[in-house]
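Examining the three-dimensional arrangement
If you want the building blocks of each chain, they are given just below.
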Amino acid sequence: GLSMGGYGAMLLGLKYHQMFAAVASLSGVFASSEPAFEESLAKPEGKAIHDVIAADFGPLNNPTRPENDPFLLITQIPVDQLPQIYFSVGTSDTLLGMNRQFARLLSNWRITYRYMEVPGKHEWPVWDRQIQRVLAVQAPVIGALPQKQ
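A brief structural summary. Note that the coordinates shown come from a computational prediction; the quantities given were computed from them, not determined experimentally.

Reading the values: rules and limits
Residues numbered from 1 in each chain as written. Predicted model: local features only at pLDDT ≥ 70, side-chain atom pairs only at ≥ 80, totals over all residues. Heavy atoms only, no water. Helix = DSSP H or I, 4+ residues; strand = E, 2+ residues; numbered from the N terminus. Expected span 1.5 Å × (residues − 1). Buried < 20%, exposed > 50% of the residue type's maximum accessible area, 1.4 Å probe, protein only. Phe/Tyr/Trp six-rings, centres within 6.5 Å; stacked < 30°, edge-to-face > 60°.

This part covers helix α6 (residues 96-108). Across its 13 residues, α6 extends 18 Å between first and last C-alpha, which sits within 8% of the 18 Å expected from 1.5 Å per residue. Taken together, the buried positions of α6 are Leu96, Met98, Asn99, Phe102, Ala103, Leu105 and Leu106. Immediately downstream of α6, the backbone of Arg110 shows phi near 55 degrees, a positive value.

Written as structure tokens, this is what we have:
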């Protein structure tokens, strides 16, 4: 998935990890239910993202938030049951910080993942290049090996 769909892909891949071999998020919105995360988005550069998250999930104390928080969900799944995780973001994307936070969390929990920071913003040219990498990385995992010619 990409952008908010990147959040959705990661969320579904974690919530229903037993159903997925792999999950990929391109420029994903990795919103957390932590108050510090909320405060960081209240700054002018994060206001648009803050407003979308607030509209979608309601106030910070809404129980929907932790139930749909990738930062919490990933810590509740045994490592050997996680799907392959791939995510990337452009180095000029406003979502760069939250993707870095998610990568730090995975590193701290010693969770295997692939993370790429690539040149570009929150835009189609970035995603067009990254989807090719996602397919190459995930094809063997999902059993879709390239056909020999």
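What follows concerns unusual backbone geometry. For Ser3, which is not a glycine, the phi torsion comes out positive at approximately 60 degrees. Residue position: Ser3 is located in the segment before α1 (4-15). Its identity as a non-glycine residue notwithstanding, Arg110 has a phi of 55 degrees, on the positive side. Position of Arg110 among the secondary structure elements: in the loop between α6 and β3 (114-118). Residue classification places Arg110 among the exposed residues on the basis of a relative accessible area of 71%.

The next point concerns the packing of aromatic side chains. Counted by the stated rule, this structure contains seven aromatic pairs. Taking the centre distance of 5.5 Å and the plane angle of 85 degrees together, the rings of Phe30 and Phe87 count as edge-to-face. Of this pair, Phe30 sits in the loop between β1 (22-26) and α2 (35-41) while Phe87 sits in strand β2 (residues 84-90), and the two are 57 residues apart along the sequence. Phe30 gets classed as buried once you look at its relative accessible area, which sits at 0%. Taking 5.3 Å as the distance between ring centres and 85 degrees as the angle between the ring planes, the aromatic pair formed by Phe71 and Phe102 counts as edge-to-face. In this pair, Phe71 is assigned in helix α5 (residues 70-73) and Phe102 in helix α6, connecting sequence segments 31 residues apart. You can call Phe102 buried: its relative accessible area is 0%. Through a chain of ring-to-ring contacts, the aromatic side chains of Phe30, Phe71, Phe87, Phe102, Tyr113 and Tyr115 assemble into a single cluster.

Remember, this is a structural readout, not a statement about activity or role.
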